[in-house]
Amino acid sequence: MTTHDIAVIPGDGIGHEVTPAALEVLQAAGRRHGHGFTFTEYDWSCERYLREGAMMPDDGLERLRRHDAIFLGAVGAPGVPDHVSLWGLLIPIRRAFRQYVNLRPVRLFEGIDSPVRGHIDLVVVRENTEGEYSEIGGRMNRGFPDEMAVQQSVFTRAGVTRVLDYAFDLAARRGGHLTSATKSNGIIHTLPFWDELVRERAAEHPGVRCDSEHIDALCAKLVLDPGRFDVIVGSNLFGDILSDLAAAVAGSIGIAPSANLNPERDFPSMFEPVHGSAPDIHGLGVANPIGAIWSAALMLDHLGLPAAADEIVAAIAAVLAKGDIRTPDLGGTSTTTDFTEAVLTHL
Ligand code: NAD
Ligand code: IPM
Ligand code: MN
């Protein structure tokens, strides 16, 4: 039996409801293939912040670094400013561990009522360590009429090139079509540079059909005709917005998974649902666990167990196709536990 050592951070809100569901499915799927898991749980959260003044301990990153992978629920709670909680935990992990690819698959499963027609099977590749998410900037003249806030975006040749190469390679392995999200008509320094690098990398990947779409038009096309997309690559902020949009178009943001990948594997990668801590439904037991369960499948894939990963996605698809068990975000009345048990039964 091979054992994988996983760091688990349930975090806040529904993170505590969907994480146990995902780990249970992970264990069951792994066991069928002779793989086991040890889970080390860290209580790093807004609750910890309110108690101890920090989201994680000073040596938090050092501790995480020793694990094979990290599984995270969600972070954020009323009473703690979001920029404090996220820049105290999630974003430092992504950056310190060079998880520069945030992979966010979206599929329209059979049996789901989608607001759009047609077939959806796409992956958003989100740049995950630079771009619009930067520490450079500041607030000035607080409380005065000329008060202002400045936030610099950072687009480096190395940072953009590496995520583009990942996206081109992924597109080559899938449908051979890559769409780059841009806004080089309105943003005059960074996104023209992004476009230039897209053209450079496209020349190195002649087997991939590559096109560019302005982010505003791209959002409209994703709603009107999502079937035309295969892999979409975008900057940190564009990728963030596109992944919620695409997930909602495919039924609910509750089903969207993500893999924060360090492709070189010199640091652990992190797996988490795309959604947040959903304080509005926390405690009701009705959070959709699909985003977390599918994220566990992405983790299995990363750990070298693609067959187990496929079995999890197939089990999710089978339960959805049957149609009797679904959480309220998908129009049903089932609980997190009902759905999780149905997936376990299918495995
Ligand atoms: P959210 O994703 O938490 O919720 C948005 C809406 O979607 C809510 O109505 C919620 O009930 C619903 N929803 C989300 N996940 C669901 C699920 N699994 N099943 C059913 N419904 C679901 O986004 P938000 O409201 O913008 O943010 C809430 C908090 O979460 C904030 O503190 C935010 O910063 C944080 N957040 C954290 C992460 C993360 O940890 N990766 C991601 C996004 C938001
Ligand atoms: C996500 C989230 C985070 C992000 C927030 C909570 C900082 O929305 O993982 O999609 O924007 O990266
Ligand atoms: Mn997001």
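In this text the structure is predicted, and so the values were computed from the model without any measurement.

**Section: the site of ligand 2**
Okay, step 1: Surrounding ligand 2, one finds Leu 86, Leu 90, Asp 240, Val 274 and Gly 276.
Okay, step 2: For the shell around ligand 2, a count of residues per class yields three nonpolar, one polar and one charged.

**Considerations on the site of ligand 1**
Okay, step 1: Around ligand 1 sit 23 residues, and of these Gly 76, Gly 254, His 275, Gly 276 and Asn 288 come closest.
Okay, step 2: Grouping the constituent residues of the shell around ligand 1 by class yields 11 nonpolar, eight polar and four charged.

**Focus: the nonpolar core**
Across soluble globular proteins, nonpolar side chains have a tendency to be buried as a group.
Okay, step 1: Core analysis: the biggest nonpolar cluster contains 99 residues, and Ile 293, Ala 296 and Ile 312 have the highest contact counts within it.
Okay, step 2: At nine residues, helix α10 (residues 290-302) tops the list of elements feeding residues into this core.
Okay, step 3: Mapping this core onto the domain boundaries places at least three of its residues in each of domain 1 (1-98 + 257-347) and domain 2 (115-249).
Okay, step 4: Residues within four places of Ala 296 in sequence aside, it is in contact with Ala 22, Val 25, Leu 26, Phe 71, Phe 271 and Ile 312.

**Focus: the domain arrangement of the chain**
Okay, step 1: What the domain assignment lists for the chain is domain 1 (1-98 + 257-347) and domain 2 (115-249).
Okay, step 2: Computed over C-alpha atoms, the centres of domain 1 and domain 2 are 25 Å apart.
Okay, step 3: Listed by partner, the interface residues are seven residues for domain 1 and seven residues for domain 2.
Okay, step 4: Broken down by element, the side of domain 1 that touches domain 2 gets its largest block of residues, three residues, from helix α5 (residues 90-96).
Okay, step 5: Looking at the side of domain 1 that touches domain 2, its residues break down into three nonpolar, one polar and three charged.

**Quick word on the confidence of the model for the chain**
Okay, step 1: Considering every residue of the chain, the mean pLDDT works out to 97; 100% of them sit at 70 or more.
Okay, step 2: We note a pTM of 0.98 for the whole complex and an ipTM of 0.99 for its interfaces.

**Regarding the sheet that holds strand β4 (residues 101-107)**
Okay, step 1: Pairing in this open sheet of 10 strands is mixed, and the strands run β2-β1-β3-β12-β11-β4-β5-β10-β8-β9 from one edge to the other. Sheet topology places β2 (35-41) and β9 (209-214) at the edges, where each strand pairs with a single neighbour. The mean angle between the axes of side-by-side strands here comes to 25 degrees, regardless of whether they run parallel or antiparallel.
Okay, step 2: Pairing analysis gives six bridges linking strand β8 (residues 177-182) to β9, with the strands arranged parallel. Bridging across to β9, Thr 182 finds its partner in His 214.
Okay, step 3: Packing of helix α6 (residues 157-173) onto the sheet brings it into contact with β4, β5 (121-127), β8 and β10 (231-234), and relative to β5 it is tilted by some 165 degrees.
Okay, step 4: Contacting β4, β5, β8 and β10, helix α9 (residues 236-249) runs over the sheet at an angle of about 155 degrees to β5.

What counts and how
Residues numbered from 1 in each chain as written. Chains lettered and ligands numbered in written order. Predicted model: local features only at pLDDT ≥ 70, side-chain atom pairs only at ≥ 80, totals over all residues. Near = placed C-beta within 6 Å. Nonpolar A, V, L, I, M, F, W, Y, C, P; charged D, E, K, R; others polar. Core = buried A, V, L, I, M, F, W, Y, C linked by C-beta atoms within 7 Å. Buried ≥ 20, exposed ≤ 12 C-beta atoms within 10 Å, placed from the backbone. Helix = DSSP H or I, 4+ residues; strand = E, 2+ residues; numbered from the N terminus. Domains from an automatic or database assignment. Contact = placed C-beta atoms within 7 Å. pLDDT = per-residue confidence, 0-100. Pairing = 2+ DSSP bridges. Axes fitted to C-alpha atoms, helices over the stretch in contact; angles between N-to-C directions.

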